[in-house]
Amino acid sequence: RLASTVLSNETSESQYYLASNPDEDSLVPTQRLSEIWPNIRTVKAHTVPTTTLDELLSAELVVEQGQTVASLWCMVDCLPADLILFGAERSLAQFSVVVARVVMTDLQSDGSVGLLPNIATYLQGKGLKRLCVLETTHPAIGYAVFVRDYASTYQQYADAVTKQLHVANATITQQNEQLSEQRL
């Protein structure tokens, strides 16, 4: 399927910037990218509707009768990848691999531009582990590859089940004590 839409972290309207370098057309104002590309400029800016990755994928990730959806790969080949991934809160659980275009150097400008530390921290909290960062033709831009950390996910699941077991055992013990008191 093909969907022509602009992704962000929320469904709303945003400024979309057409840059002098067409590869950098995005929601990121071009002046924020001037530290990476000194001669970049805005050719045109206009307001566009945005949606989240969760909403875009909602029809694809429907779970029917308890069956899980096959693991998915997600490639975000634009900036700001962090905003797009922030809008994939529910979908991230289904992704086994995420590849995101990232800015590898800190920028002086404020706002989201897809910095590697921001994306890595967020995805780590969602059970994805950084595998590597692939170089591109620009030294400040790369592709960060994240994979599902199944060992950690399994351990979290095992810990949760153990906790539920302890709670159930405590409840059973308490109910047995109450039953003994009622018998007396």
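The rules we used
Residues numbered from 1 in each chain as written. Predicted model: local features only at pLDDT ≥ 70, side-chain atom pairs only at ≥ 80, totals over all residues. Heavy atoms only, no water. Pairing = 2+ DSSP bridges. Helix = DSSP H or I, 4+ residues; strand = E, 2+ residues; numbered from the N terminus. Salt bridge = Lys/Arg side-chain N within 4 Å of Asp/Glu carboxyl O. Buried < 20%, exposed > 50% of the residue type's maximum accessible area, 1.4 Å probe, protein only. Patch = residues over 30% accessible without salt bridge, like charges linked within 9 Å, V, L, I, M, F, W, Y side chains within 5 Å. Areas by Shrake-Rupley, 256 points an atom, 1.4 Å probe, with all protein chains shown as cover.

Chemist: Where do I start with the sheet that holds strand 2 (residues 12-19) in this structure?
Modeler: Paired through their backbone hydrogen bonds, the strands of a sheet run either parallel or antiparallel. Within the open sheet, the three strands sit side by side as 1-3-2. Their pairing is mixed. Looking at strand neighbours, the two that pair on one side only are strand 1 (6-7) and strand 2, the edges of this open sheet. Here two bridges tie strand 1 to strand 3 (residues 42-51), and the two strands are oriented parallel to one another. Looking across to strand 3, one finds that Leu7 is bridged to Thr51.

Chemist: Could you clarify how one ought to interpret the pattern of salt bridges in this entry?
Modeler: It is possible for side chains of opposite charge to pair when their charged atoms get near one another. What the rule picks out here adds up to three salt bridges. We note a salt bridge from Arg101 to Glu24, for which the minimum N-O separation is 2.7 Å. One end of the pair, Arg101, is in strand 5 (residues 95-103); the other, Glu24, is in the loop between strand 2 and strand 3, with 77 residues separating them in the sequence. Among the salt bridges present, the one from Asp54 reaches Arg90, with a minimum N-O distance of 4.0 Å. One end of the pair, Asp54, is in helix 1 (residues 53-57); the other, Arg90, is in the loop between helix 2 (81-86) and strand 5, with 36 residues separating them in the sequence. Among the residues examined, Asp54 registers a relative accessible area of 6% and is labelled buried. Owing to a relative accessible area of 58%, Arg90 belongs among the exposed residues under this scheme.

Chemist: So what exactly am I meant to see when it comes to a nonpolar patch on the surface here?
Modeler: A surface patch of nonpolar side chains, about 360 Å² in accessible area, is lined by Tyr154, Tyr157 and Val161. Mapped onto the secondary structure, Val161 falls in helix 4 (residues 150-183). Under the relative-accessibility criterion, Val161 is labelled partly exposed at 35%.

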